[in-house]
Amino acid sequence: MCTGLRLACADGAVVHGRTVEFAVDLDLDVMHVPAGTTFTSGLSAGAGASWTTAHSVVGVGRASADAVMDGINDAGLTAGAFYFPGTADYAADDGGADGVAPQDFVHWVLTTCASIAEMRDRIHEVRVLAVDAPEWGGVAPFHYVVYDPDGTSVAVEPIAKTLQITDNPFGSLTNSPELGFHLKNLSQYMQVTPHTPDTISIGATPITGFGTGTGSLGLPGDFTSPSRFVRATLFSADHSTPATAAAGIQEVFHILNQFDIPYGFITVHEAGEERVEWTLGTVAHDPGAGAFYFRSYGDQTLRRVTLADLDTAENGHITRTSMGPAIGDLTAVVDANATLAPS
C-alpha cells in the first residue's frame, strides 16, 4: 500500500507527499545522489542499463541499494514508486542493455530527466523488465507518479508490457487498479462535500443532523486502494489553500495522518505465513526549495534534508542516513512540566 497527494499553496508553490506501507521492514535510507555518479540496473542474469547521473537527487530507497525510489532532483522534478500488485505487466527480462528493474525506474527518471516533457521524449531509451528480485520476493510490481515543479502530474504504468503515461489531474496516487479506474471511480462520490447541511425536511417534518461532518457521509473509510484514492483526492482538493510551501508541508503530513495504518490492523498471507502490513514511513516534497521531509513509524520527529546544501557540500559520493525505525517508540518527547504556570 501507498497513498500520495498534492497541495497547491497561495505563494505559487506546489508540495506533495506520500506514505510507504509494506508487510516487511524495507530498511529505508534517505540518500543524496550527486550528479556525475554511475549507476547500473541489475537484471535477473546480469547487468542492464547503465548511465551517469545528469541530475543530483535527494530521496529515499532501500539501505541495500543505491537507487532512489521516491525523491526530488535539482530541476525540481519529483517521482515515486507505488505498489501495483496484480496489475503490473512488464516485458520479459531478456537481459537487454536497455533493461531497467522496476525498483530502479524512478532513479532513472530523476537522475536523467529535468521535466515530464523530457521523460516523455526519452522513455523509449529504457524498458522496465520483469526482473526477479529476491529482496522483493520476486518481481516487484510498481507504477509511478511524476510531478513537474508547477504540480503537473502523470502516472507511468506498466500495462500490456509497455510503459503507459496518463495525465494525473488531481496528483493523487494509490495502488491497483490503473489510474484510469481511480479517475472514473470518483464519479461515485459526487455527493460528498465538506459542507455540513442545515436542517432539511422530509415531508413537513424538519430533520437535523447529529452534528458536523454529515456532508461526508458516504466517504469510504477503509484502507483499500480505491477508497484511499478517493479520500486523498477529496481531502487535498477541499483543503484550504496553505499560505506558503512551509505551511503546505505541514498540511501534507496532517492529511497523510488519515492514511496511517496502525501496526497489526492489516495482515496479509505471504509465503505460507501471516505478516503485518503497516505504515513504515511518510515523506513530503517541496520541489521549489529542493527539500525532502521524512518521518518513520517508530520516530515521528519531522526531519528534512535540502538538496542545494547537500550539492554544495557534496564529495562525489552517495551519502545516506536511516529514515528511522519502522517500529518502536523513539519519537522525542518533550517534558513540559517546567512550562506550567499559575492561571
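Fair warning: this is a prediction, and the values are worked out from it, not measured in the lab. (Residues numbered from 1 in each chain as written. Predicted model: local features only at pLDDT ≥ 70, side-chain atom pairs only at ≥ 80, totals over all residues. Heavy atoms only, no water.)

Q: Explain the nonpolar core to me, and be specific about the residues and the numbers.
A: Counting residues in hydrophobic clusters, the biggest one holds 50 residues, and the most contacted among them are Phe-105, Met-119 and Tyr-144. Tallying contributions element by element places helix H1 (residues 105-112) first for this core, with five residues. Here Met-119 is in contact with Trp-108, Val-109, Cys-113, Val-146, Val-154, Val-156 and Ile-165, once residues within four sequence places are set aside. (Core = buried A, V, L, I, M, F, W, Y, C linked by side-chain atoms within 4.5 Å. Buried < 20%, exposed > 50% of the residue type's maximum accessible area, 1.4 Å probe, protein only. Helix = DSSP H or I, 4+ residues; strand = E, 2+ residues; numbered from the N terminus. Contact = heavy atoms within 4.5 Å.)

Q: Would you mind going over the sheet that holds strand S7 (residues 70-73) in detail, with residue names and values included?
A: Pairing in this open sheet of eight strands is antiparallel, and the strands run S15-S14-S13-S8-S7-S6-S3-S22 from one edge to the other. Each edge of the sheet is formed by a strand with only one pairing partner; in this case those strands are strand S15 (162-167) and strand S22 (319-322). Going across the sheet, the axis of each strand differs from the next one's by a mean of 20 degrees, ignoring polarity. Pairing of S7 with strand S8 (residues 78-83), which is carried by three bridges, proceeds in the antiparallel orientation. (Pairing = 2+ DSSP bridges. Axes fitted to C-alpha atoms, helices over the stretch in contact; angles between N-to-C directions.)

Q: Help me get a handle on helix H5 (residues 245-256), residues and values and all.
A: Along an α-helix, residues three or four apart share an orientation, since each turn contains 3.6 residues. Helix length check: H5 (12 residues) gives 16 Å between terminal C-alpha atoms against 16 Å at 1.5 Å per residue, within 8%. Residues of H5 that are buried include every one of Ala-245, Gly-248, Ile-249, Val-252, Phe-253, Ile-255 and Leu-256, and no others. Seen from one end, H5 has its buried residues packed into an arc of 160 degrees, which puts them on one side. Each element contacted by the buried residues of H5 is listed here: strand S1 (4-8), strand S2 (14-22), helix H4 (225-237), strand S19 (273-286) and strand S20 (291-296). (Expected span 1.5 Å × (residues − 1). Arc of directions from axis to C-beta.)

Q: Tell me about the pattern of salt bridges, and name the residues and values.
A: Summed over the entire model, instances satisfying the criterion amount to 10 salt bridges. Linking Asp-98 and Arg-127 is a salt bridge whose minimum nitrogen-to-oxygen distance equals 3.0 Å. Linking Asp-98 in the loop between S8 and strand S9 (99-100) with Arg-127 in strand S10 (residues 127-128), this pair joins segments that are 29 residues apart in sequence. The residue Glu-125 makes a salt bridge to Arg-122 at a minimum N-O spacing of 3.1 Å. What makes Glu-125 partly exposed here is its relative accessible area of 35%. Judged by relative accessible area, Arg-122 falls into the partly exposed class, the value being 24%. Taken together, the salt bridges that share partners define one network made up of Asp-29, Asp-66 and Arg-320. (Salt bridge = Lys/Arg side-chain N within 4 Å of Asp/Glu carboxyl O.)

Q: I'd like to hear about the pairing of S19, residue by residue, with values.
A: Most of S19 is tucked away, with 11 of its 14 residues classed as buried. Relative to S19, S2 runs antiparallel, the two sharing seven bridges. Residue pairing in the sheet places Glu-21 in a bridge with Thr-279 of S19. With five bridges connecting them, strand S18 (residues 266-270) and S19 associate as antiparallel partners. Across the sheet, His-269 pairs through a bridge with Glu-274, a residue of S19. Hairpin connection, S18 to S19: the antiparallel pair is bridged by two residues, and Ala-271 has positive phi, about 50 degrees.

Q: Explain unusual backbone geometry to me, using residue names and the numbers behind them.
A: Note on backbone geometry: most residues besides glycine have negative phi, and most peptide bonds are trans. Here the bond from Ser-176 into Pro-177 is cis, since omega is 0 degrees, no more than 30 degrees from zero. Structurally, the position occupied by Pro-177 is in the loop between S15 and helix H3 (179-185). With a phi close to 55 degrees, Ala-160 is a non-glycine residue in the positive phi region. For Ala-160, a relative accessible area of 52% gives the class exposed. Non-glycine residue Lys-161 carries a positive phi angle of around 70 degrees.

Q: How would you explain a nonpolar patch on the surface if you had to name every residue and give the values?
A: On the surface, a cluster of nonpolar side chains totalling about 270 Å² of accessible area is made up of Ile-200, Ile-202 and Ile-207. Within the secondary structure, Ile-207 is located in strand S17 (residues 205-207). (Patch = residues over 30% accessible without salt bridge, like charges linked within 9 Å, V, L, I, M, F, W, Y side chains within 5 Å. Areas by Shrake-Rupley, 256 points an atom, 1.4 Å probe, with all protein chains shown as cover.)

Q: Before we move on, could you go through the side chain of Gln-103 and cite the residues and values that matter?
A: For Gln-103, the location among the structural elements is in the loop between S9 and H1. A relative accessible area of 9% places Gln-103 in the buried class.

Q: Residues and numbers for the pairing of strand S4 (residues 38-43), please.
A: Judged by which residues are buried, S4 turns out to be one-sided: Phe-39, Ser-41 and Leu-43 face inward and are buried, whereas Thr-38, Thr-40 and Gly-42, on the alternate face, are not. For S4 and strand S5 (residues 46-52), the ladder comprises five bridges, and the chain directions are antiparallel. Residue pairing across strands places Gly-42 opposite Ala-47, the latter belonging to S5. Here S4 folds back onto S5 in antiparallel fashion, the turn holding two residues.

Q: Go over the environment of Gly-99 with me, naming the residues and quoting the values.
A: Within the secondary structure layout, Gly-99 lies in strand S9. Taking the C-alpha atoms as reference points, Gly-99 and Ala-47, separated by 52 residues in sequence, lie 8.4 Å from one another. Setting aside residues up to four positions removed in sequence, Gly-99 forms contacts with Ser-41, Leu-43, Gly-48, Ala-49, Arg-127 and Leu-129.

Q: Could you give an account of the side chain of Ser-236, naming the residues involved and the relevant values?
A: Mapped onto the elements, Ser-236 comes out in helix H4. Separated by 2.7 Å, the side chain of Ser-236 and the backbone oxygen of Ala-232 make a polar contact. Those residues in contact with Ser-236 that sit more than four places away from it in its chain are Leu-5, Arg-6, Leu-7, Ser-172 and Ile-255. (Polar contact = N/O pair within 3.5 Å; in protein donor to acceptor, adjacent residues only side chain to side chain.)

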